[in-house]
Amino acid sequence: MPSRPDLEITSPANPRLKQLVALRRRRARDEASVTVVEGFEELGLALDAGVRPRALFYSPELMLDADEQLRVVDDLRASGVEVVRVSRPAFEKVAYREGPDGFMALVPAVRAGLGELDLPPTPLLLVCEGLEKPGNLGAMLRTADAAGVDAVIAVDPVTDWGNPNVIRGSKGTVFSVPVASATLGETLAWLRQRGIRIVATTPDTELLHTDADLTGGVAIAVGTEKFGLTDEALRAADLRVRVPMHGQVNSLNASAAAAIVVYEALRQRRS
């Protein structure tokens, strides 16, 4: 049987598009247990990770390669996903980012419980405490995906995994890397129960990250750029390590520091 023609929206005042705009707010995302993925590349990573959209909104006029990318639209339509065509002016009005590429999907919220993480015997984890910048959290997810980190845990997070800037900063890897959110107390107890050592990054130590043993089950912990890790997190750490600094500043961007220590752990585990 022929498929039903797509619903077409030409006005940014349409209630369906207003719903997408409302989901920029965390409260709206939490209440609906959904989030929005914007961008063809981000959507592709989500689909590869097994995410099934509840609805796809697309605008052919904005696509970078319409002939190729419309195949994704066709595949989703054929799988039963609701597909909605949006005019270019309406799509540009409701898009979160500048220069949209014509893809926006409504997807289930990212599952983020500690109990849902399935870890190997000697996992490499990244723990981010109190990060206030969604872009930093997204960048850490890209590092985690590239380095094969087994999970990223947001401790006492200021933002949530469905924040549009987290999804954009991660290029969609929030769907490919196992993630969780928890309090510091919950995270410390969970790590201790599994015998996972905590390696705290801080400028206030003499131990260089290259001199520390980062093999075995390890959780590399980073804090905020302004204050670093809390005293409680530092006290709980099995090791404190620093990245050597030769300039005038005493710390790196949080995502940069995380990447350096994670890749040193990866190097040690492969040697």
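Asker: I'd love a proper account of helix α6 (residues 134-147), names of residues and values included.
Answerer: Helix length check: α6 (14 residues) gives 20 Å between terminal C-alpha atoms against 20 Å at 1.5 Å per residue, within 8%. For α6, the secondary structure elements touched by its buried residues are β6 (124-129), β7 (151-155), α7 (164-170), β8 (179-182), β10 (218-222) and α10 (254-270).

Asker: Break down the environment of Asn14 for me, citing the residues and quoting the values.
Answerer: In this fold, Asn14 is placed in the loop between β1 (7-9) and α1 (15-22). Sequence spacing of Asn14 and Arg27 is 13 residues, and the spatial spacing of their C-alpha atoms is 21 Å.

Asker: Give a description of the nonpolar core that names residues and reports values.
Answerer: Considering soluble globular proteins, one finds that nonpolar side chains tend to be buried as a cluster. In terms of nonpolar packing, the biggest core is built from 47 residues, with Leu126, Val152 and Trp161 touching the most fellow members. Of all the elements, α10 adds the most residues to this core, at 6 residues. Contact partners of Leu126, with chain neighbours within four places excluded, come to Met140, Val149, Ala151, Val152, Ile153, Ile220, Ala258 and Val262. Of all hydrophobic cores here, the second largest spans 23 residues; its members include Leu114, Leu117, Leu191 and Leu229.

Asker: Go over the packing of aromatic side chains, please, and point to the residues and values.
Answerer: For the structure shown, the criterion picks out 1 aromatic pair. On the basis of an interplanar angle of 55° and a centroid distance of 4.9 Å, the ring pair of Phe40 and Phe103 is categorised as tilted. Here Phe40 is found in helix α3 (residues 40-48), whereas its partner Phe103 is found in strand β5 (residues 103-108), with 63 residues between them in sequence. Look at Phe40 and you get partly exposed, because its relative accessible area is 26%.

Asker: Give me the lowdown on the pairing of β8, citing residues and values where you can.
Answerer: Relative to β8, β7 runs parallel, the two being bridged by 4 bridges. Bridge pairing links Val152 to Val179 in β8. Each parallel crossover has a hand, and for β7 linked through α7 to β8 it is right-handed.

Asker: Go over the side chain of Gln69 with me, naming the residues and quoting the values.
Answerer: Of note, Gln69 is situated in helix α4 (residues 66-78). Classification of Gln69 as buried rests on a relative accessible area of 7%.

Cut-off values and rules
- Residues numbered from 1 in each chain as written.
- Predicted model: local features only at pLDDT ≥ 70, side-chain atom pairs only at ≥ 80, totals over all residues.
- Heavy atoms only, no water.
- Helix = DSSP H or I, 4+ residues; strand = E, 2+ residues; numbered from the N terminus.
- Expected span 1.5 Å × (residues − 1).
- Contact = heavy atoms within 4.5 Å.
- Core = buried A, V, L, I, M, F, W, Y, C linked by side-chain atoms within 4.5 Å.
- Buried < 20%, exposed > 50% of the residue type's maximum accessible area, 1.4 Å probe, protein only.
- Phe/Tyr/Trp six-rings, centres within 6.5 Å; stacked < 30°, edge-to-face > 60°.
- Pairing = 2+ DSSP bridges.
- Right-handed = clockwise from strand over helix to strand, strands pointing away.

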